[in-house]
Amino acid sequence: MEIAREAFFLDSPRGRRFCIASRPPGQALGTILYAPPFAEEMNKSRRMAALAARAFAARGWLVLQPDLMGCGDSEGELAEARWQDWLDDLQLAWDWLCARAGGIRVVWSLRAGSLLAADWLRASAEAPALLLWQPVSGGRQHLTQFLRLRGAADMLAEADAQASMKAVRAGLERGECVEIAGYTLSPLLARGMETSAFELPAGYISPVVLLEMGAEGRTELSPALLALRGRLEAAGVAVQGHVVPGAAFWQTQEIEAPPALVDHSLDALNGLRA
């Protein structure tokens, strides 16, 4: 089936945001907004996200993939980006989608995109279905893992790496930007990520699908995602969780695109139409 891919910019008060829209061959049955991961994970995942967006559009969905402020081809510097800027970018993209198609609303995220999506949902009155690829449930831990790249890049011993981590955090607390693995991180962006958590608004009733990559034959979610699913179910959210065979493509040295992830995602999206 023929789909249309359109690249364009959306205007925001903090500069233009580059977007790619994947349009279905006919009338859209719904919309999907992509909340991307952070830093190098975003770059490693571009091919996988593009393949999935095309597959979703071929099944009738209007899909929008925005580059957030300071990322990809969007205007602005990462060193000047705030967490709030990224929340505003999601709202801008959401408004564009809602103005162009009705039907089922879905937010699709990868890794730290889940934190951004959850913070945005709590600040808005929206309640889309969620398709979460390998979601991150805690911003502080995710930021710490990113900051550790500083020590790894410098090949520091454990004690030196811990000292380096303390120095980096001290710099952020003083309001200084820090460079980690080629990315200049602003203190406001770091603070926003560190205080974020995957918590949905009270009374959230839309379905949530958790998809986690794992080794062939593995069927049980990791402890972190089992705990996340448990918290959501305890709050009354309908949750599906599945382990998908394939590599952790957002961190592999070679660019990976496990096809099973797209297949599982299409099945989940199809289930929303039932």
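Structure report, in brief. Just so it is clear, the structure is predicted and the values come from calculations on it, not from any experiment.

What counts and what doesn't
Residues numbered from 1 in each chain as written. Predicted model: local features only at pLDDT ≥ 70, side-chain atom pairs only at ≥ 80, totals over all residues. Heavy atoms only, no water. Buried < 20%, exposed > 50% of the residue type's maximum accessible area, 1.4 Å probe, protein only. Helix = DSSP H or I, 4+ residues; strand = E, 2+ residues; numbered from the N terminus. Pairing = 2+ DSSP bridges. Core = buried A, V, L, I, M, F, W, Y, C linked by side-chain atoms within 4.5 Å. Contact = heavy atoms within 4.5 Å. Phe/Tyr/Trp six-rings, centres within 6.5 Å; stacked < 30°, edge-to-face > 60°. Lys NZ or Arg CZ within 6 Å of the ring centre and 35° of its normal.

Focus: the pairing of strand 4 (residues 61–66)
Logical step 1: Of all six residues in strand 4, six are buried, a share of seventy percent or more.
Logical step 2: Across the two faces of strand 4 the burial is the same, with Trp61, Val63 and Gln65 and Leu62, Leu64 and Pro66 all buried.
Logical step 3: Taken together, the four bridges between strand 2 (residues 15–23) and strand 4 define a ladder with antiparallel strand orientation. Considered in strand 4, the bridge of isoleucine 20 is made with glutamine 65.
Logical step 4: Where strand 3 (residues 30–35) and strand 4 come together, four bridges link them in parallel fashion. Across the sheet, residue leucine 33 finds its bridge partner in strand 4, namely leucine 64.

Considerations on the nonpolar core
Logical step 1: Core analysis: the largest hydrophobic core is formed by 61 residues, its most contacted members being Phe38, Trp86, Leu130, Leu147, Leu185, Leu200 and Val208.
Logical step 2: Here this core gets eight residues from one element, more than from any other, and that element is helix 3 (residues 83–98).
Logical step 3: If near-sequence neighbours (up to four positions away) are discounted, phenylalanine 38 is found in contact with Trp86, Ala112, Phe146, Leu185, Leu189 and Met193.
Logical step 4: Counting 29 residues, the second-largest nonpolar core is a separate cluster that includes Val106, Val244, Leu261 and Leu266.

A word on the packing of aromatic side chains
Logical step 1: A full pass over the atoms with the stated rule returns eleven aromatic pairs.
Logical step 2: Considering the side-chain rings of phenylalanine 8 and tryptophan 96, the 5.0 Å spacing of their centres and the 25 degrees angle between planes classify their relative orientation as stacked. One end of the pair, phenylalanine 8, is in strand 1 (residues 4–12); the other, tryptophan 96, is in helix 3, with 88 residues separating them in the sequence.
Logical step 3: Residue phenylalanine 8 is classed as buried on the basis of its relative accessible area, which comes to 13%.
Logical step 4: Among the aromatic residues, ring-to-ring pairing joins Tyr34, Phe56, Trp108, Trp133, Phe249 and Trp250 into one connected group.
Logical step 5: Looking at arginine 16, its charged tip hangs above the ring of phenylalanine 9, at a distance of 4.0 Å from the centre.

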